[in-house]
Amino acid sequence: MASSIFNPPSSTTALLLRTRQPLRVGPTSLRFLTIRSSPPSSRVLSIVASATEASASAAEASAKVIDGKAVAKQIREEIAVEVSKMKEAVGVIPGLAVILVGDRKDSATYVRNKKKACESVGINSLEVNLPADSTEEEVLNYISSYNDDPAVHGILVQLPLPSHMNEQNVLNAVTIEKDVDGFHPLNIGRLAMRGRDPLFVPCTPKGCIELLHRYGISIKGKRAVVIGRSNIVGMPAALLLQREDATVSVVHSRTSNPEEITRQADIIIAAVGQPNMVRKSWIKPGAVIIDVGINPVDDPSSSRGYKLVGDVCYEEAIQVASAITPVPGGVGPMTIAMLLQNTLSSAKRIHNLE
């Protein structure tokens, strides 16, 4: 993977991000997604275009790197300002409760990162760590107590749960008003229906769309392909693209001609969990790629013995795509930023704040 994608954002990238007007946090996550800021000036576009060309030349590729870390940082700064204003105006601090069951290292890392992110923007975080042999009833009791706690505005149950628990029962127990993960069936149902607004949109697909918005990538009228149909990413990503007036196809394990369908796309969101599955031949020249996959693969040269790669073969994709998210440093940071955004939105809604 090209080392340049791990570098801090360049001054020109930071300039572009600063020129975007801060997004107002609306009463629903969907309204947050549909807000547009004023387009950057032609001078800024010229500067960024020059920087992009220089970067592409250095990498011997044409794709612009969509820097999720830089965008997430800007969003966290915007959230911190809103949290401070809320505290000063009504004395309320948004609160996020996280329930972790078991001792999976990856889940513990995710929860730790979420806690740090909360602290960075001034959101209170509560954490419950339960042993893997806890009963489903114990988890449901904690959810019930947080549902009734006015200091808690968002509840997150870290997945996956131990196999003896019914995931659907647990997620359904979270009241829809505090479902900041956006997994409640009523939120998903509202997302799927025209003329209905969900209270929350799932964080990862919401982050994918926000990256497209912040980089000024048009969605309306474009052909989009979502690879993967999970309830967490693929399915809601396809629904969000439809709401943005894209023409959407979903490629999944039963699709007979995935390469042919994907090659028609102007926008590709890959969320299937297969390392380097999408090759150069799958990509139409000039397509925009949002790579959600985070897959460990063996790498003897790494001190850890492995490296993280996406569902898209990055080294090949940058030769034909117009823009692409790196792995890591692309969608991952946006997922947590959107969780913070949803928690703030919940607190504003509950306290009738704009």
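All of the points below concern the structure found in this document. (Residues numbered from 1 in each chain as written. Predicted model: local features only at pLDDT ≥ 70, side-chain atom pairs only at ≥ 80, totals over all residues. Heavy atoms only, no water.)

1. Quick word on the nonpolar core
Step number 1: Within the largest apolar cluster, 56 residues are counted, with the highest numbers of intra-cluster contacts made by Ile-66, Ile-79, Leu-96, Ile-123, Leu-212, Leu-241 and Ile-269.
Step number 2: Tallying contributions element by element places helix α13 (residues 331–350) first for this core, with nine residues.
Step number 3: Once residues within four sequence positions are removed from consideration, Leu-212 is found in contact with Ile-217, Ile-219, Ile-267, Val-288 and Ile-290.
Step number 4: Core analysis: the second largest hydrophobic core is formed by 19 residues, Ile-227, Val-251, Ala-270 and Ala-321 among them. (Core = buried A, V, L, I, M, F, W, Y, C linked by side-chain atoms within 4.5 Å. Buried < 20%, exposed > 50% of the residue type's maximum accessible area, 1.4 Å probe, protein only. Helix = DSSP H or I, 4+ residues; strand = E, 2+ residues; numbered from the N terminus. Contact = heavy atoms within 4.5 Å.)

2. A short note on the sheet that holds strand β4 (residues 154–157)
Step number 1: Spatial ordering of the open sheet is given by β3-β2-β4, a layout of three strands whose pairing is parallel. Every other strand in the sheet has two partners, leaving β3 (124–130) and β4 as the edge strands with one partner each. The average undirected angle you get between the axes of adjacent strands in this sheet is 15°.
Step number 2: Relative to β4, strand β2 (residues 95–101) runs parallel, the two being bridged by four bridges. Its bridge partner being in β4, Ala-97 is matched across the sheet by Ile-155.
Step number 3: Here helix α5 (residues 105–121) sits on the sheet in contact with β2, β3 and β4, set at roughly 170° to β2.
Step number 4: Here helix α6 (residues 136–147) sits on the sheet in contact with β2, β3 and β4, set at roughly 180° to β2. (Pairing = 2+ DSSP bridges. Axes fitted to C-alpha atoms, helices over the stretch in contact; angles between N-to-C directions.)

3. What to know about the pattern of salt bridges
Step number 1: Counted by the stated rule, this structure contains nine salt bridges.
Step number 2: In this structure, Glu-259 engages Arg-263 in a salt bridge whose closest nitrogen and oxygen atoms are separated by 3.2 Å.
Step number 3: Overall, Glu-259 belongs to the partly exposed group, its relative accessible area being 31%.
Step number 4: Residue Arg-263 is classed as partly exposed on the basis of its relative accessible area of 36%.
Step number 5: Measuring nitrogen to oxygen at the nearest pair gives 2.8 Å for the salt bridge that ties Arg-279 to Glu-316. With a gap of 37 residues between them, Arg-279 in the loop between β7 (267–270) and β8 (288–291) and Glu-316 in helix α12 (residues 314–317) connect regions that are remote in the sequence.
Step number 6: On the accessibility criterion, Arg-279 (34% relative accessible area) is partly exposed.
Step number 7: Through salt bridges with shared partners, one network takes in Glu-78, Glu-210 and Arg-214. (Salt bridge = Lys/Arg side-chain N within 4 Å of Asp/Glu carboxyl O.)

4. A look at the packing of aromatic side chains
Step number 1: With the rule as written, the count across this model stands at zero aromatic pairs.
Step number 2: Over the aromatic face of Tyr-306 sits the side chain of Arg-304, whose NZ or CZ is 4.7 Å from the ring centroid.
Step number 3: Sitting over the face of the ring of Phe-200, Arg-349 holds its NZ or CZ atom 4.9 Å from the ring centroid. (Phe/Tyr/Trp six-rings, centres within 6.5 Å; stacked < 30°, edge-to-face > 60°. Lys NZ or Arg CZ within 6 Å of the ring centre and 35° of its normal.)

5. A look at the pairing of β2
Step number 1: In terms of burial, β2 is a largely internal element, seven of the seven residues being buried.
Step number 2: Side chains Gly-95, Ala-97, Ile-99 and Val-101 project from β2 onto one buried face, and the interleaved Leu-96, Val-98 and Leu-100 project onto a second face that is buried too.
Step number 3: Two elements, β2 and β3, share seven bridges in a ladder whose sense is parallel. Residue pairing across strands places Leu-96 opposite Ser-125, the latter belonging to β3.
Step number 4: Handedness of the crossover is the feature at issue here: the chain leaves β2, passes through α5, returns alongside β3, and the resulting connection is right-handed. (Right-handed = clockwise from strand over helix to strand, strands pointing away.)

6. Notes on unusual backbone geometry
Step number 1: With an omega of 0°, the peptide bond between Leu-159 and Pro-160 qualifies as cis.
Step number 2: Relative to the helices and strands, Pro-160 resides in the loop between β4 and α7 (167–173).
Step number 3: With an omega of -5°, the peptide bond running from Val-327 to Pro-328 counts as cis.
Step number 4: At Asp-245, a residue that is not glycine, the phi angle is positive and equals roughly 70°.
Step number 5: Within the fold, Asp-245 resides in the loop between α10 (234–243) and β6 (247–251).
Step number 6: In this structure Asp-245 comes out as partly exposed when scored by relative accessible area, which is 44%.

Distances and angles like these do not, on their own, reveal function.
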